[in-house]
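Chains, contacts and geometry: an overview
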Amino acid sequence: MSSQNGNGSKGISLGALARRPETGSLIGFIVVYIFFAVLGGPVFLGLPGWSSWLNIAAEVGIIALPVGLLMIAGEFDISVGSIVPAASMMTAMLGGHYDAPAIVAILAGLGVGLTIGLVNGLLVTRTTIPSLIVTIGVMFAVMGLTLGFAVLIKGSTSVSYVPDPLTKSLMGQFVKGFSVSIFWWLGLVAVFFYALHVSPWGNWIFAIGGDKESARNAGIPTSQMTIALFMVSGFCAALVGVLQVMTYQQAQVAGGQAFIFNSIMCVVIGGVLLTGGAGSIIGILLGTMTFAVVNQGIFFAGLDPNIQFIITGALLLAAVLSNDRFRAMATSAAAKK
């Protein structure tokens, strides 16, 4: 669509582009990539560098997408950190310990995520407890159950599973250093982009995050949408757990906690407001890529690993400040019309 600028000429306004929530994310990604490209040299710019940070981005990105949608809708999901190991343990236990067919093990692992997401959604919509508290409680409960069942059934906190060649090629293969999980991630980016920016569901999500009571009064099924979003979040976290089992051929009880804050960080760097009601899939994509470049760029640049926390913290603060700035610009421009 063309917009009209102050001089009356038609075209895409640079001011309008500057006020987009993705703009700060794009600038941040370019700056961070150039910084580590200079320090990392040809190795970081080549296939080893790209495969390294894209593999990291794929895993955290699959979880960041639904977490971002929930945050746009004004909710949080901390339980993703426990769903990843729970789903991976379920898949490995059925496929590796009980010799169930791969499809059965995979569906059971994904079913774990959907079930936990359903529980989260029901608790959030049918009580007055904030989603942050609900999902923290569910997270600890799932962690305890996963550990208990693993020790009870297997007598160990890890389970090995060697998938068949076809399953391995679809969900755990590396092609010249690039994991197939990257294709799963990019496919989900397309699906989530359609859901948020093309389909009517996207308007519902933004409306719920902006004002839930007004959205409910307007006829939007807020409870059903909230439950659905939590189930999608659980499904995606479980998918990461399944992909990890197929890739590394082992499931660990103590794994997945890093995804909690990493996914939220990617979403915030991507321009999603913590207060809900604003954000974009492209922004979340760029935020995830920025986080992954920092995560792996430290290694290629030969810097002290502790610097990663400093850079990541600075990025997070810069993202929040830039988000506020771009939102103020957009609000000011809208008020002048």
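Refer to the structure above for everything that follows.
No experiment lies behind these values; they were computed from the predicted model shown.

**Points about helix α9 (residues 200-210)**
Within the span of α9, buried status applies to Gly202, Ile205, Ile208 and Gly209. Down the axis of α9, the smallest arc covering the buried residues is 125°, so these residues share one side. In α9, those exposed residues whose orientation departs by more than 90 degrees from the buried face are Pro200, Asn203 and Gly210.

**Observations concerning the side chain of serine 181**
The topology assignment puts serine 181 in helix α8 (residues 181-197). According to the relative accessible area criterion, serine 181 is buried, its value standing at 4%. For serine 181, the residues in contact, after removing those within four places along its chain, are Ala58, Ile62 and Leu243.

**Quick notes on the nonpolar core**
Grouped together as the largest cluster of nonpolar side chains are 91 residues, with contacts concentrated most on Phe36, Trp53 and Trp185. Counting residues per element, this core draws most heavily on helix α3 (residues 47-72), which supplies 14 residues.

**Let's talk about α3**
Here α3 contains 26 residues, and its C-alpha end-to-end distance of 35 Å stays within 8% of the 38 Å for a straight helix at 1.5 Å per residue. Along α3, the sharpest change in direction is near 35° and occurs at glycine 61. Here α3 lies mainly inside the structure; 22 of its 26 residues are buried. A positive backbone phi angle near 85° is found at glycine 74, which sits one or two residues after α3.

**Here's the deal with the environment of glycine 313**
Mapped onto the secondary structure, glycine 313 falls in helix α14 (residues 307-336). On a C-alpha basis, the gap between glycine 313 and methionine 265 in space is 9.3 Å, while along the polypeptide they are 48 residues apart.

**Observations regarding the packing of aromatic side chains**
This model, assessed by the stated rule, comprises 9 aromatic pairs. Pairing tyrosine 33 with tryptophan 53 gives two aromatic rings, centres 6.5 Å apart and planes at 65°, and the pair type is edge-to-face. Of this pair, tyrosine 33 sits in helix α2 (residues 21-45) while tryptophan 53 sits in helix α3, placing them 20 residues apart in sequence. Taken as a pair, tyrosine 33 and tryptophan 53 share a single burial class, namely buried. Taken together through their ring pairs, the aromatic side chains of Phe29, Tyr33, Phe44, Trp50, Trp53, Phe299 and Phe300 make up a single cluster.

Rules used in this analysis
- Residues numbered from 1 in each chain as written.
- Predicted model: local features only at pLDDT ≥ 70, side-chain atom pairs only at ≥ 80, totals over all residues.
- Heavy atoms only, no water.
- Buried < 20%, exposed > 50% of the residue type's maximum accessible area, 1.4 Å probe, protein only.
- Helix = DSSP H or I, 4+ residues; strand = E, 2+ residues; numbered from the N terminus.
- Arc of directions from axis to C-beta.
- Contact = heavy atoms within 4.5 Å.
- Core = buried A, V, L, I, M, F, W, Y, C linked by side-chain atoms within 4.5 Å.
- Expected span 1.5 Å × (residues − 1).
- Bend = angle between axes of the 7 residues up to and from the residue.
- Phe/Tyr/Trp six-rings, centres within 6.5 Å; stacked < 30°, edge-to-face > 60°.

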